[in-house]
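Descriptive analysis of the structure
Here are the chains, one letter per residue:
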Amino acid sequence: MILAIDSSAGTSVAIVQAGETLIEHNSQNARGHAEAIGTLIEACLSSLQIRPTQLEAVAVGMGPGPFTGLRVGIAAAVSFGVALGVPVLRVSSHAAIALERQSSLGEERMLVTTDAKRRQRYWSAFEFPGPFELPQLVLGPDISSEEQLQVAVSNLGVFTRVDSEWVSAASVGLLSERLQSTGGSFLGSTPLYLRSPEVTIATVPKRVSQ
Amino acid sequence: MGSIVNREAPLVLGIETSCDETGIGIVRGRSLLANVIASSMEEHARFGGVVPEIAARAHLEAFVPTLEESLRKSNVALADLDAIAVTSGPGLAGALMVGIGAAKALAVALDKPIYAVNHLVGHVGADVLTGDSIEYPTIALLVSGGHTSLLLVRDLVSDVELLGETIDDAAGEAFDKVSRLLGLGYPGGPRIDEAAAGADENAIAFPRGLSKPKDLQNHRFDFSFSGLKTAVARHVESSDLTHLGSIAASFREAVVDVLLTKALAACSELNVPRLLLGGGVVANARLRQEAIRRCKDARIELRIPPLDLCTDNGAMIAALGAQLIMAGREPSELTFGADSTLPVTQIQDLS
Ligand SMILES: [Zn+2]
């Protein structure tokens, strides 16, 4: 049984096992990750009436996605992993979207994009070697304006474009499970930020008292 | 979530990520078992101040190694903990959220209660770990790069009042900005100390912010350092830097003077003969030296916790969590978030 977390869009938590989604709880709030994360994990455990110690791994979507929220899910996943002494399986949130869309559509090449604000898109291009194969990254992940994106993918041939505003933790969990069983590779510990930190110097917050 | 087993001397893990230090501490009741701090200070050096996004990224990177080192040092297993405590504010929102996400997952995974606590009150709570902690009420002066606050603490877990705070820059921030003006680098505190060594601190009469009678009416215990920073800038423009040492020393003196004058005025006006210092600026030797001298003259009991309990750290958060548990407080709900302007009156963030 794997606990899966993705906070690259809203906050999504799921438990998967043997290719099945056992439960998923979501918060669509794009700013409330820190508030939602604990309750969603607890809700998944209690709806299945299982104890945390029954989990064998934690899977987490490493983005790309807005940084502040993205980090909440990753921080939760790594600390859950340490608490239980189980591995943390890190995957691309875009690959999870690709896997989810493939099962219903079955195309060979897919361009996944998500909102990066400031009129830019995060994007990754995948191909599926066969009908039940895992998505393979062919281009990206990257961050571009729509115009730049058109140029970047112009040599990609025929593909289906998936613009998604949501990443399901169940897909993250199912992808991780399949990567684990096929000996596929996982991502490293740095989130897919794709954008350098904006340099603003911290200042004293506006006073609220008196 | 789990309920409290041990209210006598609870074993608490504290997580602090409100600014640029990833701090994890472990305490048992009033005893310090571990206090591990990873700082991203060097990554901010070339910008001359804390960059929030860089700090938040560094927290995520440092979290697990810092946690593991704290467990190793204290020889504590996570399963033995009675509770998790975490800073929920005030501080940098994105930085706070890393600690909150990690803390909540630990609490659920381990089935332990969680206490969301106030960072500033945590600085006061650090004192209980020193063995012979201060009596209440006390005045607390908390000075760092992120805050400059004067508190009246009647009771650590139930009654903390904000007397005043900075209306512009934090004192530590003023040190950083002036250090940059003088070409001395980051962090400003130690650099200005080096430059000021042996120089005349009364060479230049820099202004003391919010100290004129008309300012005192509305800002009795508030601080302002932006005017001082401007005065130093003007001085630098209109003179050469051959007397850099005395500029640094005179600037530092102005900061130290205004901090301690207001803190001691609070002690005397509120009839509280005790002063506690906290925050990273306490590392400044001149501030400590002057505090000792003036408190002795005014017959005020002065408390300065060891430096690694003064800078932002997880042990102070654990200590405050333990105090709340020992006072019979219930845990926070799992629904709390980061509150970058959490008022000091809210010692525990319940939901
Ligand atoms: Zn602080």
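Just so it is clear, the model here is predicted, and its values are computed rather than measured. (Residues numbered from 1 in each chain as written. Chains lettered and ligands numbered in written order. Predicted model: local features only at pLDDT ≥ 70, side-chain atom pairs only at ≥ 80, totals over all residues. Heavy atoms only, no water.)

1. A short note on the overall build of chain B
When you go through chain B residue by residue, the secondary structure sums to twelve helices and eleven strands. In terms of principal-axis extent, the alpha carbons of chain B reach across some 65 × 45 × 30 Å. Out of the 351 residues in chain B, the part that is buried amounts to 63%. Put simply, of all contacts in chain B between residues at least 6 apart along the chain, 75% involve residues at least 24 apart. Of the roughly 12500 Å² that chain B leaves accessible, carbon and sulfur atoms contribute 48%. (Helix = DSSP H or I, 4+ residues; strand = E, 2+ residues; numbered from the N terminus. Buried < 20%, exposed > 50% of the residue type's maximum accessible area, 1.4 Å probe, protein only. Contact = heavy atoms within 4.5 Å. Areas by Shrake-Rupley, 256 points an atom, 1.4 Å probe, with all protein chains shown as cover.)

2. Remarks on the packing of aromatic side chains
The tally for this structure, following the rule as stated, stands at three aromatic pairs over all chains. Measuring from ring centre to ring centre gives 5.2 Å for B:F175 and B:F251, while their planes differ by 75°; the resulting arrangement is edge-to-face. Taken together, the residues span a long stretch of sequence, with B:F175 in helix α5 (residues 171–181) and B:F251 in helix α9 (residues 244–269) at a distance of 76 residues. Note on accessibility: B:F175 and B:F251 belong to one class, buried. Aromatic pair B:F223 and B:F225: ring centres 6.3 Å apart, planes at 5°, arrangement stacked. The pair formed by B:F223 and B:F225 is uniform in burial state, with each residue classed as buried. The ring of A:Y193 has B:R57 lying over it, and the distance from NZ or CZ to the ring centre is 3.7 Å. Over the ring of B:F336 we find B:K104, and its NZ or CZ is 4.5 Å from the ring centre. (Phe/Tyr/Trp six-rings, centres within 6.5 Å; stacked < 30°, edge-to-face > 60°. Lys NZ or Arg CZ within 6 Å of the ring centre and 35° of its normal.)

3. Re the interface of chain B and chain A
Across the boundary between the two partners, chain B contributes 48 residues, which contact 40 residues of chain A. Summed over both partners, the interface of chain B with chain A comes to about 3500 Å²; 68% of that surface belongs to carbon and sulfur atoms. The interface formed by chain B and chain A includes one salt bridge. For B:E53, the salt bridge identified is with A:R71, shortest N-O distance 2.9 Å. The interface formed by chain B and chain A includes six residue pairs in polar contact (both at pLDDT 80 or more). When contributions to the side of chain B that touches chain A are tallied by element, the ones reaching two or more residues are α2 (52–74), α3 (93–110) and β8 (159–165) of chain B. (Buried area = accessible area lost by both parts, 1.4 Å probe. Salt bridge = Lys/Arg side-chain N within 4 Å of Asp/Glu carboxyl O. Polar contact = N/O pair within 3.5 Å; in protein donor to acceptor, adjacent residues only side chain to side chain.)

4. What about the coordination of the zinc ion?
Coordination sphere of the zinc ion, protein contribution only: B:H119 (NE2), B:H123 (NE2), B:H147 (NE2) and B:D312 (OD), at 2.1 to 2.2 Å. For the zinc ion, the four donor atoms in the first shell make angles of 89 to 158° at the metal, so the coordination geometry reads as irregular. (Donors = N, O, S within 2.8 Å, 3.2 Å for Na, K, Ca; no water. Tetrahedral: all angles 85-135°; square planar, octahedral: opposite > 155°, others 65-115°.)

5. Details of the pairing of strand β4 (residues 83–89) of chain B
Residue and element names in this part refer to chain B. Where burial is concerned, most of β4 is hidden: seven out of the seven residues are buried. The sheet contact formed by strand β1 (residues 11–16) and β4 spans four bridges and is parallel. For G14, the partnering residue across the bridge sits in β4 and is A85. Here β4 runs beside strand β5 (residues 114–118); their pairing, made up of five bridges, is parallel. Counterpart to I84 in the pairing with β5 is I114. (Pairing = 2+ DSSP bridges.)

6. What about the confidence of the model for chain B?
The pLDDT averaged across chain B works out to 95; a share of 100% of its residues lies at or above 70. Overall fold confidence for the complex sits at a pTM of 0.96, while the interface term, ipTM, reaches 0.96. (pLDDT = per-residue confidence, 0-100.)

7. Examining the environment of B:V36
Residues and elements named next belong to chain B. Along the polypeptide, V36 turns up in strand β3 (residues 31–39). Overall, V36 belongs to the buried group, its relative accessible area being 6%. With 35 residues separating them in the primary sequence, V36 and L71 have C-alpha atoms 9.5 Å apart. Beyond its immediate chain neighbours, meaning those up to four positions away, V36 contacts T22, G23, I24, T66, E69, S70 and K73.

8. With respect to helix α6 (residues 188–196) of chain B
Every α-helix winds through 3.6 residues per turn, so residues three or four apart in the chain are directed the same way. All names here are of chain B. Inspection of α6 places G188, G189, I192, D193, A195 and A196 among the buried residues, and these make up the whole buried set. Looking straight down α6, one finds that the buried residues subtend no more than 165° of arc, so they occupy a single side. In this structure, the buried side of α6 is in contact with α5, α9 and α10 (285–297). Positive backbone phi, approximately 80°, marks G198, located one or two places after α6. (Arc of directions from axis to C-beta.)

9. Remarks on the sheet that holds strand β2 (residues 21–28) of chain B
Residues and elements named next belong to chain B. One open sheet holds the six strands; their spatial order is β3-β2-β1-β4-β5-β11, and the pairing between them is mixed. This sheet does not close on itself; its edge strands, each paired only once, are β3 and β11 (348–349). As judged from the two bridges shared by β5 and β11, these two strands associate in the antiparallel manner. Counterpart to A116 in the pairing with β11 is D349. Packing of α3 onto the sheet brings it into contact with β1, β4 and β5, and relative to β4 it is tilted by some 160°. Against the sheet, helix α12 (residues 314–326) makes contact with β1, β2, β3, β4, β5 and β11, and its axis sits at roughly 135° relative to β1, the strand it touches most. (Axes fitted to C-alpha atoms, helices over the stretch in contact; angles between N-to-C directions.)

10. Re the pattern of salt bridges
All names here are of chain B. Tallied over the full model, the rule gives 29 salt bridges over all chains. Note that E135 and R274 form a salt bridge whose closest N and O atoms lie 3.9 Å from each other. Residue E135 is found in the loop between α4 (119–125) and β6 (138–143), and its partner R274 is found in strand β9 (residues 274–278); the two are separated by 139 residues along the sequence. With a relative accessible area of 52%, E135 lands in the exposed category. Residue class for R274 comes out buried when judged on its relative accessible area of 13%.

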